[in-house]
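What follows is each chain in one-letter form.
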Amino acid sequence: MSRYQSYVYIEDLGKHVDEEVTLNGWLYNKRGKGKLQFLILRDGTGICQCVVFKGNVSEEKFAEAKSLTQESSFSAMGKVVASEKAPGGYELDVTDLKIYQISDEYPITPKEHGDSFLIEHRHLWLRSSRQHAIMRVRAAVQKAIRDFFDNNGFKLMDSPLLTPNACEGTSTLFETKYFDLGNAYLSQSGQLYAEASAMALGRVYTFGPAFRAERSKTRKHLTEFWMVEPEMAFFDLEDDMQLAEDLTVYIVKYCLEHCKPELETLERDITKLEKVQGNFPRLSYTEAVEWLAENKIPLMVKDENGQDKEVHPFPWGEDFGTVQEEAIMEQFDQPCFIYDYPTEVKAFYMKRNPENQKVVRAMDMLGPEKAGELIGGSQREDDFDLLEERIKAHDLPMEDFKWYLDLRKYGSVPHSGFGMGLERTVKWITGAKHIRETIPMPRMIHRIIP
Ligand code: 4AD
Ligand code: MG
């Protein structure tokens with residue numbers, strides 16, 4: 001029984017067998033014949049068949065039951081009956097009903113709807129069984145992430161979302177006026193502040209929204225997404241990859257343990273997830289490029305007429321795209337790390353490999369089953385002069401990075417961190433077709449409503 005009101009949630013029905021209870025919710029579906037009405041009620045925690053028998057309720061209540069339309073809001077009072085046939089294992093033998101509102105004709109019906117129709121009705125689409133299941137997995141992934149870090153000595157240190165400077169390149173910044181101080185930008189990543197926090201608390205994580213004015217119109221890009229970013233003093237790149245692997249294994253195990261019904265609703269092949277056990281393969285960028293050459297996977301470019309053109313063999317120094325990532329991942333059924341990327345394609349703050357200045361100590365973790373990049377991270381440049389040189393090389397305003405350089409002036413230490421995209425991870429675990437299904441209200445280039 002809820003502490004606040006005298007009703008129970010469908011997920012708790014097992015504790016109330018043979019008791020009189022009240023369920024509150026919305027009509028998911030309805031069947032009826034003669035003296036019986038079967039009202040399928042959903043309350044956010046599950047669905048329950050409420051059986052209204054004409055002999056058990058007043059004439060008026062029976063008529064009310066018949067009048068309920070899809071998504072009408074109501075309460076049903078009655079006895080909880082264990083029933084093997086019923087979805088969820090219990091039914092309600094109804095003795096009374098209370099209607100809150102008879103719903104207008106509901107736009108989303110069991111028939112197929114187009115993608116754009118559904119996304120326009122996102123505020124209602126969230127109630128559909130698949131979307132509902134994905135949202136519950138999302139909440140579980142978030143909890144798994146928090147538990148993992150909280151239980152491993154990390155402190156949650158939130159980074160600001162309004163920032164004076166770029167973190168991940170200047171081409172994807174959202175700009176906003178900031179009083180008399182000129183322009184501010186929506187944060188692309190909490191990392192730079194997490195570094196300051198790590199120097200104060202040792203091991204920290206930030207977990208919040210990140211913004212990218214991405215022109216990429218793909219199934220994997222949002223303009224507003226959530227990212228968890230751990231940052232650790234005295235960690236090198238090897239430690240960083242190990243932590244990313246441990247986190248990933250923990251999340252997958254947690255979901256397999258706590259989200260079985262949701263994964264079933266989503267028809268997710270969980271044998272694929274069960275293979276995620278640790279010991280992820282690791283390839284250097286250079287090894288990956290050699291593999292691409294051997295397997296004749298080209299670089300795709302546009303020629304002067306805008307036509308796709310293949311470049312063979314894949315040239316060292318170019319960043320990987322979907323084609324290369326998916327080809328490499330065909331070989332693996334666990335996530336894979338690619339590390340030591342060309343300096344030119346990566347961010348200014350990454351530490352160059354002391355043995356080979358052409359590469360930085362960066363890593364990406366790619367997911368199997370075409371999941372794409374789930375994690376991006378690196379060891380950070382901890383030398384004042386080398387970092388200053390990189391800020392200049394990237395044409396970034398030195399004034400804005402003075403505080404960041406301070407971290408290399410007052411007790412600099414080797415340190416590393418990474419960012420895991422929440423929605424990409426949820427997309428992989430749920431098998432959702434598009435990233436827009438993995439966040440309650442997706443923000444994309446052409447969508448800001450609802
Ligand atoms: O690789 P990214 O850009 O790394 C960073 O932002 C680092 N500062 C993180 C760090 O080291 N603390 O982004 C990290 C992850 C990606 O691997 C991806 O999962 C996700 O964030 N991501 C996006 N997810 C959805 N839509 C987008 N536009 C995304 N851009 C990145
Ligand atoms: Mg990245």
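Just so it is clear, the model here is predicted, and its values are computed rather than measured.

1. As for the sheet that holds strand 2 (residues 36-42)
Stage number 1. What the 5 strands build is a closed barrel, ordered 1-2-3-5-4; its pairing is mixed. Each strand of the sheet is rotated relative to its neighbour by a mean of 55 degrees, with strand direction disregarded.
Stage number 2. The sheet contact formed by strand 1 (residues 20-33) and strand 4 (residues 73-82) spans 7 bridges and is antiparallel. Within strand 4, the residue paired with Val 21 across the bridge is Gly 78.
Stage number 3. Contacts from helix 1 (residues 59-67) reach strand 1, strand 2, strand 3 (47-53) and strand 5 (90-101) within the one sheet, and its direction differs from that of strand 5 by about 85 degrees.

2. Regarding the pattern of salt bridges
Stage number 1. Going through the model one piece at a time under the given rule, you end up with 27 salt bridges.
Stage number 2. For Arg 380, the salt bridge is made with Glu 231, and the minimal N-O distance between the two is 2.7 Å. Note that Arg 380 is positioned in the loop between strand 18 (372-379) and helix 11 (384-393) and Glu 231 in strand 11 (residues 224-233), a separation of 149 residues in sequence. There is no split in this pair, since Arg 380 and Glu 231 are both buried.
Stage number 3. Linking Lys 370 and Glu 330 is a salt bridge whose minimum nitrogen-to-oxygen distance equals 3.7 Å. Of this pair, Lys 370 sits in the loop between strand 17 (356-367) and strand 18 while Glu 330 sits in the loop between helix 10 (322-329) and strand 15 (336-342); the two residues are 40 residues apart in sequence, bridging distant segments of the chain.
Stage number 4. Under the relative-accessibility criterion, Lys 370 is labelled partly exposed at 47%.
Stage number 5. Its relative accessible area of 61% is what places Glu 330 among the exposed residues.
Stage number 6. When salt bridges with common partners are traced through the structure, they connect Glu 238, Glu 245, Arg 282, Asp 340 and Arg 361 into a single cluster.

3. Comments concerning unusual backbone geometry
Stage number 1. The omega angle of the peptide bond from His 312 to Pro 313 is -20 degrees, so this bond is cis rather than trans.
Stage number 2. With respect to the helices and strands, the residue Pro 313 is situated in the loop between strand 14 (308-311) and helix 10.
Stage number 3. The phi dihedral of Asp 18 falls on the positive side, at around 70 degrees, and the residue is not glycine.
Stage number 4. Counting through the fold element by element, Asp 18 comes out in the segment before strand 1.
Stage number 5. In this structure, Glu 369 is a non-glycine residue whose phi angle is positive, near 55 degrees.

4. A word on the site of ligand 1
Stage number 1. What surrounds ligand 1 is a group of 24 residues, the closest being Glu 168, Gln 191, Arg 212, Glu 229 and Glu 373.
Stage number 2. The separation between a nitrogen atom of ligand 1 and a polar side-chain atom of Glu 168 is 2.7 Å.
Stage number 3. Glu 229 is positioned with one of its side-chain polar atoms (N or O) 2.8 Å from a nitrogen atom of ligand 1.
Stage number 4. Protein burial of ligand 1: of its 630 Å² of free accessible surface, 94% is covered by the chains.
Stage number 5. Those elements that place two or more of their residues in the shell around ligand 1 are strand 11, strand 18 and strand 19 (415-421).
Stage number 6. Element by element, the count of residues in the shell around ligand 1 is highest for strand 18, at 5 residues.
Stage number 7. Partitioned by chemical class, the residues of the shell around ligand 1 number 8 nonpolar, 8 polar and 8 charged.

5. Regarding the packing of helix 4 (residues 129-150) against helix 13 (residues 422-430)
Stage number 1. For the pair helix 4 and helix 13, interaxial distance at closest approach is 10 Å and the crossing angle is 120 degrees. In terms of orientation, helix 4 lies oblique with respect to helix 13. You can see that helix 4 and helix 13 cross each other, and the crossing is right-handed. Facing helix 4, whose interface residues are Ile 134, Val 137, Arg 138, Val 141, Gln 142 and Ile 145, helix 13 presents Leu 422, Glu 423, Thr 425, Val 426, Ile 429 and Thr 430.
Stage number 2. Split into classes, the residues belonging to the contact of helix 4 with helix 13 amount to 7 nonpolar, 3 polar and 2 charged.

What counts as what
Think of each chain on its own: its residues are numbered from 1, step by step along the sequence as written. Here the convention is simple: chains get letters from A, ligands get numbers from 1, in the order in which they are written. Given that the model is predicted, a residue must reach a pLDDT of at least 70 before its local features are reported, and side-chain atom pairs must reach 80 or more before they are shown or counted; all residues, however, enter totals for whole chains, interfaces and linings. Note: side-chain values were computed over all heavy atoms of the structure, leaving out hydrogens and water. When DSSP locates at least two bridges between a pair of strands, those strands are taken to pair. Starting at the N terminus, helices and strands are each numbered in turn, a helix being any DSSP run of H or I of at least four residues and a strand any DSSP run of E of at least two. Simply put, an axis is a line fit to the C-alpha atoms, just over the touching stretch for a helix, and the angle between two N-to-C directions goes from 0 to 180 degrees. When checking whether two residues touch, look at their non-hydrogen atoms; a contact exists if any pair is within 4.5 Å. Salt bridges are defined as contacts in which a side-chain nitrogen from Lys or Arg sits within 4 Å of a carboxyl oxygen from Asp or Glu. Burial here depends on accessible area, computed with a 1.4 Å probe over protein chains only, as a share of the maximum for the residue type. Under 20% is buried, over 50% is exposed, and the range in between is partly exposed. For each residue, the test is whether any non-hydrogen atom lies within 4 Å of the molecule or strand; if one does, the residue is near. In the analysis that follows, any N or O atom pair within 3.5 Å is treated as a polar contact, provided that within protein one partner can donate a hydrogen and the other can accept it, and provided that, for residues neighboring in sequence, both atoms belong to side chains. Each accessible area value is a Shrake-Rupley result obtained with a 1.4 Å probe; residue values ignore everything except the protein chains displayed when judging cover. For this scheme, ten residues count as nonpolar: Ala, Val, Leu, Ile, Met, Phe, Trp, Tyr, Cys and Pro. Four count as charged, namely Asp, Glu, Lys and Arg, and the remainder, Gly too, count as polar. Here roughly perpendicular refers to angles of 65 to 115 degrees, roughly parallel to angles under 35, roughly antiparallel to angles over 145, and oblique to all remaining angles. Each crossing gets its handedness from the near helix: less than a right angle anticlockwise from the far helix is left-handed, clockwise is right-handed.

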